[in-house]
Each structure stands twice: as structure tokens, then as C-alpha cells.
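Each chain, letter by letter, is given below.
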Amino acid sequence: MRTDYHIHTPLCGHATGAPRDYVLAAQKAGLEEIGFSDHNPMPTQFDDWRMAPDQLSEYVKMVEDARDEFPDYPIRLGLECDFIPAYEGHIRDLAARANWDYLIGSVHYITPDWDVDNPKHLKRWTEQPVEQIWQAYFDAYTKMVESCLFDFLAHPDLVKKFGHRPEGDLSRFYHQTLDAAAEAGSILEVSTAGLRKDVREIYPSRDFLAAAHARHIPIVINSDAHAPSEVAYEFDLAYTLAREVGYTTVMRFEKRKAIAVSIA
């Protein structure tokens, strides 16, 4: 059973295609169900790559309309929520505002004004050691894990997006995060989106994923699609990677419950 739960809509301002276009793409790709998970609104307009504070009901209706159009095809309702310290209460409020099938946690901001994957901030990578940037990212990711607010956690090593990596064994950055994930019972996303970015690598890396498997941390495989053509993008590579490091199951989601299914 193959699914894709990390799919965006035009409400985020950087995705194209109506929900029905993503559903049709998913059916063509042979997926058995999909889920939408656009970027969560913030109390005020926090940045230019998420829905506006007053658009949450519009987003939910978009997904409900797709469900009405495709009544025999499972379409899950999710939300990708940025973990930003001091906004935990806002996430809890969002969790109560719809009948979600899952909430995704993600880290983009490593400082209040630096979303580390945003190309407009590329110059900052030359202004401080890469080591410090990676440490800040994984410190934030570990705090997200420890919050236990989310049903699964997105693109675990997103910090590598532009190809900047510290020297040496990178496990020193993510072992603390993985230990916390194992303790919290977290589920990690394996995302093919990195194959479309400068790094040209799945999120997370093979070593990261192998370390997750060694800790018995479950996974879900997604595309982070921002266009219908990206649904199930290079899923064969992701499933092969998961099998090679030892995974035999992935998770599906419904009504905020995770269910293990055999890898396809």
C-alpha cells in the first residue's frame, strides 16, 4: 500500500494545481490514498509561504470538496505545522479546529528571522560556520520531537537542502534527535523532495535512516509535492532505500492514528 501524505495547495503561495489535480496524479501513480498538508497559518501573517490566518476554513473546504468529488478514494486531511518555540499553544489550538487525520511537525526556522531552507537567505551560509547552522537546526528539531505535538516529523535533515555540510561524521548532529524520537515514539518522514533540490538526496540520508531503523523508529514515505507532477516523486528510490536499511513497514494515518502497513 503506497500513500503520499505531504501534499500542498495553492494557499501556501508557492504551489500550483487544485486538489483534484493532485488526486488524479495520485491515482495515475497507483497510490491507494493521499493526504493534503499545507503550511499552517500563524496568528498573524508570519511569512509569505503559508496560508493567511483567515484561510484555514477555506483550506479545509478545499479538501472536503475533493472528497465529495472522489467519494471512493481516501483523501486525508492534514496540516504541516512549523515548530517555533513559544507557539506550542497555537499548534494545540489548530489541532482542535478541524477533524485532522494527522499533523506534521517541521522545522524551517532556526532563528526568528531565518527559515534555513529559504533561497533568499543563502548569503547567511557564508556568514557563520556550517557546523553552527547544523547544530542550531538539530537542536530545534530535537525540541520539536520532545514537544510530542505531531503525528509525524517532516524532512528530518532539511538543513542539507543547498548542499552545505560540515566536515566529518554527521551522526554527531542527529543522534540526540534520534534518541529523543525513539523515546517519544515519533514517526519520521522519508521525503523524496530532496531529490528535487540542490542536494539531490532523499531526506534523510541513508546513514540517518539506518540509525533510525536501529532505534525502531517508524517511517512514512512522502513527496512534499507542490505540483501535481511531484506526487509520488521517485517513490521507487525511497522504498528501495527503506528496504535496504531494514524497514518492512511504513505508516498510514487516519483520525490521528498511525497504522503499520507492509512496504510495497
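Residues numbered from 1 in each chain as written. Predicted model: local features only at pLDDT ≥ 70, side-chain atom pairs only at ≥ 80, totals over all residues. Heavy atoms only, no water.

A. Focus on the packing of helix α4 (residues 130–147) against helix α5 (residues 171–184). Two elements in contact, α4 and α5, have axes separated by 9 Å at closest approach and are oriented at 5°. Taken together, the axis directions place α4 and α5 in an arrangement best described as roughly parallel. On α5, the residues that touch E131, W134, Q135, F138, D139, Y141, T142, V145 and E146 of α4 are R172, F173, Y174, Q176, T177, A180, A181 and A184. Tallied by class, residues from the contact of α4 with α5 come to nine nonpolar, four polar and four charged. (Axes fitted to C-alpha atoms, helices over the stretch in contact; angles between N-to-C directions. Helix = DSSP H or I, 4+ residues; strand = E, 2+ residues; numbered from the N terminus. Parallel < 35°, antiparallel > 145°, perpendicular 65-115°, else oblique. Contact = heavy atoms within 4.5 Å. Nonpolar A, V, L, I, M, F, W, Y, C, P; charged D, E, K, R; others polar.)

B. Representation of the packing of aromatic side chains within the structure. All chains considered together, the criterion is met by 18 aromatic pairs. Seen from their ring centres, W49 and Y109 are 6.0 Å apart, and the 15° between their planes marks the pair as stacked. Within this pair, whereas W49 is found in the loop between β2 (33–39) and α2 (56–69), its partner Y109 is found in strand β5 (residues 109–111), the two being separated by 60 residues in sequence. What makes Y109 buried here is its relative accessible area of 10%. Here the aromatic rings of F152 and F253 are separated by 5.1 Å at their centres, their planes lie at 40°, and the arrangement is tilted. (Phe/Tyr/Trp six-rings, centres within 6.5 Å; stacked < 30°, edge-to-face > 60°. Buried < 20%, exposed > 50% of the residue type's maximum accessible area, 1.4 Å probe, protein only.)

C. Inspection of the pattern of salt bridges at higher detail. One pass over the structure, following the stated rule, counts 21 salt bridges. Residue E131 is joined to R172 by a salt bridge in which the shortest nitrogen-to-oxygen separation is 2.8 Å. Taken together, the positions of E131 in helix α4 and R172 in helix α5 put the pair 41 residues apart, joining distant regions of the chain. Between K160 and D157 there is a salt bridge whose closest N-O contact spans 2.9 Å. Note on D157: relative accessible area 3%, which makes it buried. Connected via shared salt-bridge partners are E33, R76, R252 and E254. (Salt bridge = Lys/Arg side-chain N within 4 Å of Asp/Glu carboxyl O.)

D. Main features of the environment of F173. Locating F173 in the fold gives a position in helix α5. F173 sits 39 residues away from W134 along the chain, and the two C-alpha atoms are 7.2 Å apart.

E. View of the environment of M42. Considering the arrangement of structural elements, one finds M42 in the loop between β2 and α2. Since its relative accessible area comes to 2%, M42 is described here as buried. C-alpha separation for the pair M42 and A52, spaced ten residues apart in sequence, amounts to 7.4 Å. Dropping the residues within four chain positions of it, M42 is found in contact with R50, P53, I84, Y87 and H90.

F. How the structure looks around the side chain of S191. Looking at the element boundaries, S191 is found in strand β8 (residues 188–191). From its side chain, S191 meets the backbone nitrogen of A193 in a polar contact 3.1 Å long. Aside from chain neighbours lying at most four places away, what touches S191 is H155, I202, Y203, N222, S223 and D224. (Polar contact = N/O pair within 3.5 Å; in protein donor to acceptor, adjacent residues only side chain to side chain.)

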